[in-house]
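Chain and residue survey
Residue strings, one per chain:
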Amino acid sequence: MRKFITFEGVDGSGKSTQAKLLADYLSRSGNKVFLTREPGEGRLGELIRTEILDRKDISIDPYAELCLFCADRAQHVRELILPKLRDGYTVICDRYYDSTLAYQGSGREIDPDLVHRMATASSLGVEPDITFFLSIPVPQALLRLEGRQKEKNRMDEESSEFHRRVDEGYRHLIGKKIPRIKVIEATVSPGEIHMEIRGFFGEL
């Protein structure tokens, strides 16, 4: 059983839905599962999420944004992820440091070497066992965002060019052939996507 599983993709790819579906499936199969997300878990995380995603009355410098995301991750790992892994849970995280590489490194166009150092350092050495990247054309993902009933956050409202750069950042990572990253076609139905993801876990 994979112990630390992350989900990645552009906004609108359906990763949050798939993270929950997998958590439910693994729980029903008798596993102890902890579903979490970045940013926004834990007391500090909730405050950081509000500042960088929900508040729209302040303009955050890209470097400040990078620092806040990394601060959230370091606290998240120390306060929640590591303790759950040590207690024998399978941890499923909606976004992890690959998001920082794609959003701040490519989307915000910050020096990629600096972003990589900060993003990986903030993980405190905790690496995912498997990462599911939900692949979807950016225009289709943006159409999904337009159809959301809930209020959009700051990232959702970025330009299509920003989201295109983010997608390019993810494609750059995929091009490195990192074994843990599994590319999942996300233009099909949620049920089909879930069944493909389940296939990586065999019979439980």
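Owing to the predicted nature of the structure, the values given are computational and were not obtained by experimental measurement.

A separate point is the pattern of salt bridges. Tallied over the entire structure, the rule returns 13 salt bridges. The salt bridge involving Asp11 is made with Arg95; its shortest N-O contact spans 3.4 Å. Here Arg95 lies in the loop between strand 3 (90-94) and helix 4 (97-107) and Asp11 lies in the loop between strand 1 (4-8) and helix 1 (15-28), a separation of 84 residues in the sequence. On the basis of relative accessible area, Asp11 is assigned to the buried category, the value being 10%. Accessibility expressed as a relative area gives 10% for Arg95, which makes it buried. Close ionic contact of Asp24 with Lys20 constitutes a salt bridge, the shortest N to O distance being 3.1 Å. Placement of the pair is Asp24 and Lys20 together in helix 1, with a separation of four residues, close to one helical turn. For Lys20, a relative accessible area of 45% gives the class partly exposed.

Turning next to the layout of surface pockets. Estimated volume of the second largest pocket: approximately 200 Å³. Residue lining of the second largest pocket: Leu101, Gly105, Ser106, Pro112, Asp113, Val115, His116, Gly169, His172, Leu173 and Lys176, and that is the complete set. Within the residue set of the lining of the second largest pocket, elements represented by two or more residues are helix 4, helix 5 (112-121) and helix 7 (160-175). Residue contributions to the lining of the second largest pocket peak at four residues, all from helix 5.

Turning next to the nonpolar core. The biggest cluster of nonpolar side chains holds 33 residues, and the ones touching the most others in it are Ile5, Phe7, Leu22, Ile92, Tyr103, Phe132 and Ile197. Elements represented by at least two residues in this core include exactly strand 1, helix 1, helix 2 (42-54), helix 4, strand 4 (130-135), helix 7, strand 5 (181-185) and helix 8 (190-198). It is helix 1 that provides the largest number of residues to this core, a total of five residues. With sequence-adjacent residues up to four places away left out, Ile92 is seen in contact with Ile5, Phe7, Ala19, Leu22, Ala23, Leu26, Val33, Phe34, Leu35 and Thr36.

Burial runs high along strand 1: five of the five residues are buried. Side chains Phe4, Thr6 and Glu8 of strand 1 all project onto a buried face; the interleaved residues Ile5 and Phe7 project onto the opposite face, where all are buried too. Note: strand 1 against strand 3, four bridges, orientation parallel. In the sheet register, Ile5 faces strand 3, and the bridge partner there is Ile92.

About the thresholds
- Residues numbered from 1 in each chain as written.
- Predicted model: local features only at pLDDT ≥ 70, side-chain atom pairs only at ≥ 80, totals over all residues.
- Heavy atoms only, no water.
- Salt bridge = Lys/Arg side-chain N within 4 Å of Asp/Glu carboxyl O.
- Helix = DSSP H or I, 4+ residues; strand = E, 2+ residues; numbered from the N terminus.
- Buried < 20%, exposed > 50% of the residue type's maximum accessible area, 1.4 Å probe, protein only.
- 1 Å grid on protein atoms, 1.4 Å probe; cavity = no way out; pocket = protein on both sides within 12 Å on 5 of 7 lines; lining within 4 Å.
- Points joined across faces, edges and corners; volume = space filled by probe spheres on them.
- Core = buried A, V, L, I, M, F, W, Y, C linked by side-chain atoms within 4.5 Å.
- Contact = heavy atoms within 4.5 Å.
- Pairing = 2+ DSSP bridges.

Don't take any of this as a statement about function, it's just geometry.
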